[in-house]
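Listed here are the chains, written in short residue letters.
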Amino acid sequence: MDVLDLTGTWVDDAVRAVLLWTAIPSLLYFLAIAVQQGVLVLMGWIDVRASSARRDVLDLAETATAPVSMSLTVVMAAYNESAVIAESVRSVLALDYPDHEVVVVNDGSTDDTLEVLRRTYDLVPSEREVRAAGSLQVRGAVRGVLEARDPAVPLVVVDTENSGRADASNAGLAVSAKDLVVFFDADSVLDADALLLAVQPFLDDPLRVVCTGGNIRAVNGCRVVAGRVVEEGMPRPWLARLQVVEYLRAFSLGRAGWSRLGALMLVSGAFGVYRRDMLLEVGGFDADTIGEDFELTMSLHRWCRRRRRAYRLVFVAEPTCWTEVPESRAVLQRQRSRWHRGLWEVLWKHRGMLLNPRYGRIGMVGLPSFWLFELMAPLFELVGLALILLAIAVGAIDPVLALAALGISLGIGILVTVLAMLIEEGARRRRTTVADLGVMVLCAVVENLGYRQLTAVWRLQGWWQALRGSTASWGEMTRTGFATD
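All values derive from a computational prediction rather than experimental measurement.

With that settled, the discussion passes to the overall build of the chain. Scanning the chain from terminus to terminus reveals 14 helices and 13 strands. Over its C-alpha atoms the chain spans a radius of gyration of 24 Å, differing by no more than 12% from the 23 Å that the globule rule assigns to 485 residues. Considered along the principal axes of its C-alpha atoms, the chain spans approximately 95 × 50 × 45 Å. Counting every position in the chain, which comprises 485 residues, the buried fraction comes to 56%. Pairs at least 24 apart in sequence give 82% of the contacts found in the chain among residues at least 6 apart.

Rendered as structure tokens:
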């Protein structure tokens, strides 16, 4: 009996020791994430303030009617977007920009996306051709190229067999005929002055700027009239409300902070502006990865760094793209799983840049952060949280110390989100109601108590699918359409 007691004591001590040496690194990881977010808060605040100050001295009304040296093509890849495509195209055609055209690529939609465009804009056959150039390749078979009958409507529609968003965007690039190319999601609408603001860095620094990214916000709960958001509001489903807060934090602070540090790692596929000649040099989007926007950003960094070219990728806080976020759990799960799978594929593809001084801040700061705090985050957060709670339960770690560390991490996360909202409200010309601000603050608390852990599970599912080598797909998001008049 004594031997059994001794064995039991030895096993208990061993378990406590293992839990102690795993729980402490987990606590440090949570605190490290909080510190990183704090740094991005500071950098993002500086960047957004600078962007807002610049907006005050810009005369956009004069710029909108003056000739500019850089023309622009808006490329919209559309797959089963019949609920929103007409409103989205209308908003882009009406943008304040002296010289721009719109190219919509119908990526083999199985709904009536093409018919909606045909009826709305009276499409007729076009003489335009899809021609690959430079390193650009287009895989999907082109079934036809159409244009608006009215020559005053600069709209081209490319109808292709389904080949995925990346290849559809490449088809649009192959048809484009302007200096700059904007890749824009068909489920979105832009502010009227979005292009003028997004192009400003190119006009200010034409030799170095190769890409700019704009702000992304959720259109759910807003009222859209003639392709414009005329009234902002919070969506009714809580799942969508939580995403509103996520987008505010990710763009107002995350992208803005990385841009200020000179290490912008991702330009969202929902709204990015690129030099067309640079896109042809790197071959456009990689159709073999599901994280095509992230991969394109990394390809631009790699191409410029290898050739020792002075270049800049810039986040511009003022131009806003409004996109529809999922309101159902099933659609959101597919989206987050797909995003994390894409993150893994791109990081693995560009692993040679990791901690490589040749790639400067991208290799030495940006990529290590993405590997540690983006790719590994769902694994460390779920496993780490379980280990910490288990260590507290068996007495392997001081519960007061552990809960205090978790509380500090949670508090910093909530504070970061609230600061993101305050910075966003201070920088924008429109104002959110007090009631909606209260809901967003509540969401900042709620998202850390279940929602964050749930999305972590979904992200791990995407990672596991990639590691197993299962077939990747663009996926389908069910649209509810905008609240329009």
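Moving on to the packing of helix α11 (residues 360-375) against helix α12 (residues 377-393). Look at α11 against α12: their axes get within 5 Å of each other, and the N-to-C directions meet at 40°. By the angle between their axes, α11 is oblique relative to α12. Contact residues: α11 offers Leu372, Phe373, Glu374 and Leu375, while α12 offers Ala377, Pro378 and Phe380.

A few words now on helix α4 (residues 113-121). Among all positions of α4, only Thr113, Leu114, Val116, Leu117 and Tyr121 are buried. Relative to the axis of α4, the buried residues are bounded by an arc of 160° and lie together on one face.

The next subject is the state of the cysteines. Taken as a whole, this structure holds 0 disulfides when the rule is applied. Considering cysteine sulfurs only, Cys304 is the nearest to Cys211, which forms no disulfide, with 10 Å between them. There is no disulfide at Cys443, and the cysteine sulfur nearest it, in Cys222, is 14 Å away.

We now examine the pairing of strand β11 (residues 271-275). Successive side chains on a regular strand alternate, one facing one side of the sheet and the next facing the other. Counting buried positions along β11 yields 5 of 5 residues, so the element is predominantly enclosed. Of the two faces of β11, both are covered, the one formed by Phe271, Val273 and Arg275 as well as the one formed by Gly272 and Tyr274. Judged from the 5 bridges that link them, strand β6 (residues 180-184) and β11 form a sheet pairing that is antiparallel. When the sheet's bridge partners are listed, Val182 is paired in β11 with Val273. With 3 bridges connecting them, strand β8 (residues 209-218) and β11 associate as antiparallel partners.

Bringing the confidence of the model for the chain into the picture now. Looking at the chain, pLDDT values average 87 and 90% of them are 70 or higher. The low-confidence segment residues 1-7, where pLDDT is below 50, has 0 contacts with residues more than four positions distant or belonging to other chains.

Two side chains carrying opposite charge are able to pair once their charged atoms lie near each other. For the structure on display, the rule yields 21 salt bridges. In this structure, the salt-bridge partner of Asp99 is Lys178, at a minimum N-O distance of 2.9 Å. Here Lys178 lies in the loop between α5 (165-175) and β6 and Asp99 lies in the loop between α3 (85-93) and β2 (100-107), a separation of 79 residues in the sequence. The residue Asp205 makes a salt bridge to Arg312 at a minimum N-O spacing of 3.2 Å. One end of the pair, Asp205, is in the loop between α6 (194-204) and β8; the other, Arg312, is in strand β12 (residues 312-323), and 107 residues separate them in sequence. Judged by its relative accessible area of 14%, Asp205 is buried. On the basis of relative accessible area, Arg312 is assigned to the partly exposed category, the value being 31%.

With that settled, the discussion passes to α5. The element α5 is extensively covered by neighbouring structure, given that 11 of its 11 residues are classed as buried. Those residues of α5 that sit buried are Arg165, Ala166, Asp167, Ala168, Ser169, Asn170, Ala171, Gly172, Leu173, Ala174 and Val175. Next to the buried residues of α5 lie β1 (72-78), β2, β5 (155-160), β6, α8 (276-282) and α9 (292-306).

So, on to the packing of α3 against α4. Here α3 crosses α4 at 50°, and the two axes come no closer than 9 Å. In terms of their interaxial angle, α3 and α4 are classed as oblique. In this structure, α3 meets α4 at a crossing whose hand is right-handed. Counting all contacts with α3, which are made through Ile85, Ala86, Val89, Arg90 and Leu93, the residues of α4 involved are Thr113, Val116, Leu117, Thr120 and Tyr121. When grouped by side-chain class, the residues that make up the contact of α3 with α4 number 7 nonpolar, 2 polar and 1 charged.

Moving on to the nonpolar core. Counting 123 residues, the largest nonpolar core has Leu72, Val74, Met76, Val104, Leu155 and Phe271 as the members making the most contacts within it. When residues in this core are grouped by element, the largest group, 11 residues, is from helix α7 (residues 238-260). Judged by nonpolar contacts, the second largest core, of 10 residues, contains Leu27, Ile388, Ala391 and Ala402.

The next point concerns the packing of aromatic side chains. To describe a pair of aromatic rings, you give the distance between the ring centres and the angle between the ring planes. Inspection of every chain in the model, using the stated rule, returns 11 aromatic pairs. Look at Tyr29 and Phe380: their rings are 4.8 Å apart centre to centre, the planes differ by 85°, and that puts the pair in the edge-to-face class. Placement of the pair is Tyr29 in helix α1 (residues 2-57) and Phe380 in helix α12, with a sequence separation of 351 residues. What makes Tyr29 buried here is its relative accessible area of 9%. Here the guanidinium or amino end of Arg241 rests over the ring plane of Trp238, the centre of that ring lying 4.6 Å away. In this structure, Arg351 packs its charged tip against the face of Trp348, placed 4.1 Å from the ring centre.

Let us now look at a positive patch on the surface. A surface patch of positive charge is lined by Arg306, Arg307, Arg308 and Arg358. A relative accessible area of 48% means that Arg307 is categorised as partly exposed.

Strand order across the open sheet formed by 10 strands is β3-β4-β5-β2-β1-β6-β11-β8-β12-β7, with mixed pairing between neighbours. Two strands bound the open sheet, and with one partner strand each, they are β3 (123-125) and β7 (188-190). Across this sheet, the average inter-strand angle for adjacent strands is 30°, counted without regard to direction. Alignment of strand β4 (residues 142-148) against β5, held across 5 bridges, turns out to be antiparallel. Bridging from a neighbouring strand, Val145 pairs with Val158 of β5. Seen against the sheet, α4 touches β1, β2, β3, β4 and β5 and runs at an angle of roughly 155° to β5. Contacts from α6 reach β1, β2, β6, β7, β8, β11 and β12, with the element oriented near 175° to β12.

Rules used throughout
- Residues numbered from 1 in each chain as written.
- Predicted model: local features only at pLDDT ≥ 70, side-chain atom pairs only at ≥ 80, totals over all residues.
- Heavy atoms only, no water.
- Helix = DSSP H or I, 4+ residues; strand = E, 2+ residues; numbered from the N terminus.
- Rg over C-alpha atoms; globule rule 2.2 N^0.38 Å.
- Buried < 20%, exposed > 50% of the residue type's maximum accessible area, 1.4 Å probe, protein only.
- Contact = heavy atoms within 4.5 Å.
- Axes fitted to C-alpha atoms, helices over the stretch in contact; angles between N-to-C directions.
- Parallel < 35°, antiparallel > 145°, perpendicular 65-115°, else oblique.
- Arc of directions from axis to C-beta.
- Disulfide = S-S within 2.5 Å.
- Pairing = 2+ DSSP bridges.
- pLDDT = per-residue confidence, 0-100.
- Salt bridge = Lys/Arg side-chain N within 4 Å of Asp/Glu carboxyl O.
- Left-handed = near helix turned anticlockwise from the far one by under 90°.
- Nonpolar A, V, L, I, M, F, W, Y, C, P; charged D, E, K, R; others polar.
- Core = buried A, V, L, I, M, F, W, Y, C linked by side-chain atoms within 4.5 Å.
- Phe/Tyr/Trp six-rings, centres within 6.5 Å; stacked < 30°, edge-to-face > 60°.
- Lys NZ or Arg CZ within 6 Å of the ring centre and 35° of its normal.
- Patch = residues over 30% accessible without salt bridge, like charges linked within 9 Å, V, L, I, M, F, W, Y side chains within 5 Å.
- Areas by Shrake-Rupley, 256 points an atom, 1.4 Å probe, with all protein chains shown as cover.
- Lys, Arg positive; Asp, Glu negative; His and termini not counted.
- Charge placed at Lys NZ, Arg CZ, Asp CG, Glu CD.

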